[in-house]
Every structure is written in structure tokens, then in C-alpha cells.
Amino acid sequence: GNSVTQMEGPVTLSEEAFLTINCTYTATGYPSLFWYVQYPGEGLQLLLKATKADDKGSNKGFEATYRKETTSFHLEKGSVQVSDSAVYFCALLYGNKLVFGAGTILRVKS
Amino acid sequence: DTAVSQTPKYLVTQMGNDKSIKCEQNLGHDTMYWYKQDSKKFLKIMFSYNNKELIINETVPNRFSPKSPDKAHLNLHINSLELGDSAVYFCASSRGYNEQFFGPGTRLTVL
């Protein structure tokens, strides 16, 4: 079946540090891949997406590249801010089913 | 303008009661969803409707009944609420099988 595995958190970083949140997936076929972000007390916001192998999604300084050979979609940001503190979800879309990873809590300290 | 809205934002109720959560989207999407987020933040799809027709019904107790009066609305009715139903429920919508846009969530607490 389809599944998504994310690195466990919480991830705690200082402001301006480099961020990587690992995400790998198992899927039949070629799903679309997404990162969603959930700020405290809010709903999920689409952060970025990639629909085919080698696509790079980017938004607000965050990037992720769809790697078919390693079945990965790691999230990166060069310099995090306190306002990036949130829960980040990796997800795959196969058909119209969105399958989420368990979420990774990111805490950024000033 | 809010794209996907849900009411209420918070719902506190006693075990055994029946309650409803409403969802509306103004994005012109044809597909709507209900997800449940548990206390560990894990998200799982419950239902999906396309053009008012049920297309996904995951293993959800039949105490949960979705209703879609039109393409812009998908409501969730829950009968005989149990403690384990306490969670955050998210509505989402999409155009076909594309990225999904989420509402702000409804935090349900069953006492």
C-alpha cells in the first residue's frame, strides 16, 4: 500500500540554521508529493508540491525535490526563522487519496 | 475571503450526543473531503465526495454520516458520540485529483 515516513521530531534549531526534514514514501505508480504546514491552532496550508520525478517544489524559501530513485522528498530551508515553527507534513496523492506522514514538529529559537 | 470554512471551530459535548460539523468552500472545486487528526497529529482521510457523490469511505464507524447538499458543502454528522471521537476534524476540497486545500479545523471534545 501507499505510505509516507517522516523523520521524528521535534526538531529544534536556532534562528538562521539550515533545516532538513526527511521524507520517504512507498507507492504503487507515480504519486504527486506535497509538503503541508500546520501553524499552532490553525489548519493545514499547502507549502509546496512536485508532480513528477526530478521536479523541485519551492515556496517561502523552502524546497523539496522529487527523487524517484530514492523515493524521497526531503524538505530543506537555508535559514529558518522563529515564524517557521510549526508542524510539517509530507504527503503523497495517489488517485484522490492524500496519505500523510506522521508530521514533524519544528521549533526555532531566537 | 475564506476559501474553505468550517463551523464550529470548537465543539464540546457529552458522550451519547449527536452533533454536526459544517463545511463550505468557495473555490469552485468539485471534490470535498473529511479528515480526522488525532491527539498525536496523525491525519487520516474519512470520506470524499465528488460532485455530491460519495467516492471514498474509509473504515469509519457508521455513526459518522457525511452529507453533501451541493458541490460547495460537505457536512459531517456524528451520532452517539464516544470519548474516542475527540479529535480535530478537517474539511478539504480540490479540483479533481489535484492538490487539496484545507479548512481551519473543528476541535471536537467529548466529555
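Each remark here, short or long, concerns the structure printed above.
Residues numbered from 1 in each chain as written. Chains lettered and ligands numbered in written order. Predicted model: local features only at pLDDT ≥ 70, side-chain atom pairs only at ≥ 80, totals over all residues. Heavy atoms only, no water.

Student: Explanation requested: the overall build of chain B in the structure shown.
Tutor: Looking only at helices and strands, one finds zero helices and 11 strands in chain B. Each helix and strand of chain B, ordered N terminal to C terminal, gives the series β-β-β-β-β-β-β-β-β-β-β. Over its C-alpha atoms, taken along the principal directions, chain B stretches across nearly 35 × 30 × 25 Å. For chain B, the residues scored as buried account for 44% of the 111 residues in total. Within chain B, counting contacts between residues at least 6 apart in sequence, those at least 24 apart form 53% of the total. Counting only carbon and sulfur atoms, one obtains 49% of the accessible surface of chain B, whose full area is about 5600 Å². Seen as two clouds, the 13 positive and the 11 negative side-chain charges of chain B have centres 5 Å apart. (Helix = DSSP H or I, 4+ residues; strand = E, 2+ residues; numbered from the N terminus. Buried < 20%, exposed > 50% of the residue type's maximum accessible area, 1.4 Å probe, protein only. Contact = heavy atoms within 4.5 Å. Areas by Shrake-Rupley, 256 points an atom, 1.4 Å probe, with all protein chains shown as cover. Lys, Arg positive; Asp, Glu negative; His and termini not counted. Charge placed at Lys NZ, Arg CZ, Asp CG, Glu CD.)

Student: What's the story with the side chain of Ser93 of chain B in this structure? I'm lost.
Tutor: As for its placement among the helices and strands, Ser93 of chain B is situated in strand 9 (residues 87–94). A polar side-chain atom of Ser93 of chain B sits 2.8 Å from a polar atom in the side chain of His29 of chain B. (Polar contact = N/O pair within 3.5 Å; in protein donor to acceptor, adjacent residues only side chain to side chain.)

Student: Hey, could you run me through the packing of aromatic side chains in this one?
Tutor: In this description, an aromatic ring pair is defined by two values, namely the gap between the centres and the angle between the planes. All names here are of chain A. By the definition in use, this model includes 12 aromatic pairs over all chains. Consider the rings of Phe34 and Tyr36, whose centres lie 6.1 Å apart with planes at 40°: the pair is tilted. Each member of the pair, Phe34 together with Tyr36, is buried. Look at Phe62 and Tyr88: their rings are 5.6 Å apart centre to centre, the planes differ by 40°, and that puts the pair in the tilted class. Note that Phe62 is positioned in strand 8 (residues 62–65) and Tyr88 in strand 10 (residues 86–94), a separation of 26 residues in sequence. Residue classification places Phe62 among the buried positions, given a relative accessible area of 2%. (Phe/Tyr/Trp six-rings, centres within 6.5 Å; stacked < 30°, edge-to-face > 60°.)

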